[in-house]
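Understanding the architecture of this molecule
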Amino acid sequence: MTASTDAPSTPDATSGQVDALLVLSFGGPEGQDDVIPFLENVTRGRGIPRERLEEVATHYRHLGGRSPINDLNREIIANVEAELADRGRDLPVYFGNRNWTPMAEDTVRQMVADGVRKSAVFATSAWGGYSGCAQYQEDIARAREQVEGAPTMVRLRQFYDHPLFIERFASDLREAIASAAPGARVIFTAHSVPTSADEAAGPPSLGGHLYSRQVAEASRLVAEAAGVADYDLVWQSRSGPPSVPWLEPDVVDHVSELATSQGVTDVVIVPIGFISDHVEVVWDLDTELIDEVRELGVTVTRCATPGPSREFARMVLELLDEVETGSAQDRPGSVPALGRNRDGARCALGCCGG
Ligand SMILES: CC1=C(CCC(=O)O)c2cc3nc(cc4[nH]c(cc5[nH]c(cc1n2)c(C)c5CCC(=O)O)c(CCC(=O)O)c4C)C(CCC(=O)O)=C3C
Ligand SMILES: [Fe+2]
């Protein structure tokens, strides 16, 4: 195991005790009437074709117009509160989102009313890159701009290789393998992004591709911990016009290809790119993928996600300790873990294309 550390860009500005923790996430609709306004918030200024929006709306409609994501985040928060209570720590935990209520700026307003001066921010993505990191930094900066007297905010770093994250995924993978047919093929999957976005992911000095490199490294660490020697890594849930290249292969194409050209009949799918069972998991994998490959005779066993576990909550507190003590934990991954920045600053000039 190689241990490496990455010093935060400005250690003094990102360490010290905080008086609150903000859990910052994507947000999701909670009923049919929310679906379109939610999707309009998500896609504002992002050039996603109208047809794709309507297609995605049908996924949410099939789920009763309700994404599981908000409830899952509330569960993560309850677990974090339970871990804090176990440690005798009296730290308020707040919840805010980018695209749906509670909106981050409203939460920050409440934090000001409650007298919060300095908050840590846990963004619910393990990864570098625009969607997983830079966009959350933008959310922090925007919310602070909109709220007079907003607290100082220090984001907890990317956690793609955190031992508790890896170990929880690995034990769920061992369980999935045990319940699948012997010899089932193990396939890791994460959200696709445009190849240009992946090229721009991370500080230019690191050579880009931070997102796909972290996803590959997390997959390697989970596979190793679960004793899996052979596996594939694929991508899912692409959108945007077909003329724009995104990370490939797509999960449905890949499993179909394994079935038709290699006679594969059983696969274990590990949604490494997602911390919990939100729409990309319960629709794109549990519904779409399973339906598409059933006709080819393939049985899919889907590995659980780590979000709503006590291990995950303990990880959040360990990341918080790093900020409060100004320390850097040993990490098993060989790809940098960045994102511990103050007040929505980028990791470096030109980071993630910004
Ligand atoms: C890398 C990545 C993550 C993982 C990192 C992280 O965890 O943050 C992620 C998470 C999520 N993405 C989500 C939902 C959506 N993402 C979209 C669109 C897009 N995602 C992208 C990437 C990612 N997305 C990209 C490159 C686009 C294209 C346009 C753009 O650059 O914005 C769209 C628009 C329609 C569509 O194109 O599908 C929706 C509705 C939800 C909530 C699900 C729920 O409601 O349960 C979550 C957690
Ligand atoms: Fe997304």
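Residues numbered from 1 in each chain as written. Chains lettered and ligands numbered in written order. Predicted model: local features only at pLDDT ≥ 70, side-chain atom pairs only at ≥ 80, totals over all residues.

Here the focus is the overall build of the chain. Each helix and strand in the chain was counted, giving 12 helices and eight strands. Dimensions along the principal axes, computed over C-alpha positions, put the chain at roughly 60 × 50 × 40 Å. The proportion of buried residues among the 354 residues of the chain is 45%. (Helix = DSSP H or I, 4+ residues; strand = E, 2+ residues; numbered from the N terminus. Buried ≥ 20, exposed ≤ 12 C-beta atoms within 10 Å, placed from the backbone.)

On to the site of ligand 1. The environment of ligand 1 is made up of 23 residues, and the closest members are Gly28, Ser67, Ser239, His278 and Val279. Among the elements of the structure, α1 (35–43), α2 (50–62), α5 (130–146) and α10 (279–282) are those that each provide at least two residues to the shell around ligand 1. Ranked by residues supplied to the shell around ligand 1, first place goes to α1 with three residues. Across the shell around ligand 1, the residue classes tally to nine nonpolar, 11 polar and three charged. For the shell around ligand 1, the two domains that each supply at least three residues are domain 1 (11–159 + 308–353) and domain 2 (163–302). (Near = placed C-beta within 6 Å. Nonpolar A, V, L, I, M, F, W, Y, C, P; charged D, E, K, R; others polar. Domains from an automatic or database assignment.)

Attention now moves to the domain arrangement of the chain. One frequently used descriptor of interface size is the decrease in accessible area upon assembly of the parts. When cut into domains, the chain gives domain 1 (11–159 + 308–353) and domain 2 (163–302). Between the C-alpha centres of domain 1 and domain 2 the distance comes to 23 Å. Tallying the contact residues gives 38 residues for domain 1 and 33 residues for domain 2. Every element with two or more residues in the side of domain 1 that touches domain 2 is listed here: α2, α3 (69–86), α5 and α12 (310–325). It is α12 that provides the largest number of residues to the side of domain 1 that touches domain 2, a total of four residues. Each residue belonging to the side of domain 1 that touches domain 2 can be placed in one class, and the counts come to 21 nonpolar, 14 polar and three charged. (Contact = placed C-beta atoms within 7 Å.)

Let's shift gears to the environment of Ser15. In this fold, Ser15 is placed in the segment before β1 (20–25). In this structure the C-alpha to C-alpha distance between Ser15 and Phe165, which are 150 residues apart in sequence, comes to 23 Å. Contacts of Ser15, omitting those with residues within four sequence positions, involve Val323 and Gly326.

Grouped together as the largest cluster of nonpolar side chains are 91 residues, with contacts concentrated most on Val121, Phe122, Val222, Val268 and Val270. Counting contributing residues per domain, this core is built from domain 1 (11–159 + 308–353) and domain 2 (163–302), each supplying no fewer than three. Residues within four places of Val222 in sequence aside, it is in contact with Ile166, Phe169, Ala170, Leu173, Val270 and Ile272. Counting six residues, the second-largest nonpolar core is a separate cluster that includes Phe38, Tyr60, Trp100 and Val279. (Core = buried A, V, L, I, M, F, W, Y, C linked by C-beta atoms within 7 Å.)

On to the environment of Leu91. You can see Leu91 is positioned in the loop between α3 and β2 (93–97). According to the C-beta neighbour criterion, Leu91 is partly exposed, with 18 such atoms within 10 Å. The spacing of Leu91 and Ala20 is 71 residues in sequence and 5.6 Å in space, taken between C-alpha atoms. The contact partners of Leu91, leaving out residues within four places of it in the chain, are Ala20, Leu21 and Leu84.

Moving on: helix α9 (residues 251–262). It helps to recall that an α-helix has 3.6 residues per turn; residues three or four apart then point in one direction. With 12 residues, α9 extends 16 Å from end C-alpha to end C-alpha; this agrees with the ideal 16 Å at 1.5 Å per step. Every buried residue of α9 is listed here: Val251, His254 and Val255. What you see down the axis of α9 is that its buried residues fit within an arc of 95 degrees, all on one side. Turned more than 90 degrees away from the buried face of α9 sit Thr260 and Ser261, all of them exposed. Buried residues along α9 sit against β5 (185–191), β6 (231–236), β7 (266–270) and α11 (284–294). Positive backbone phi, approximately 70 degrees, marks Gly263, located one or two places after α9. (Expected span 1.5 Å × (residues − 1). Arc of directions from axis to C-beta.)

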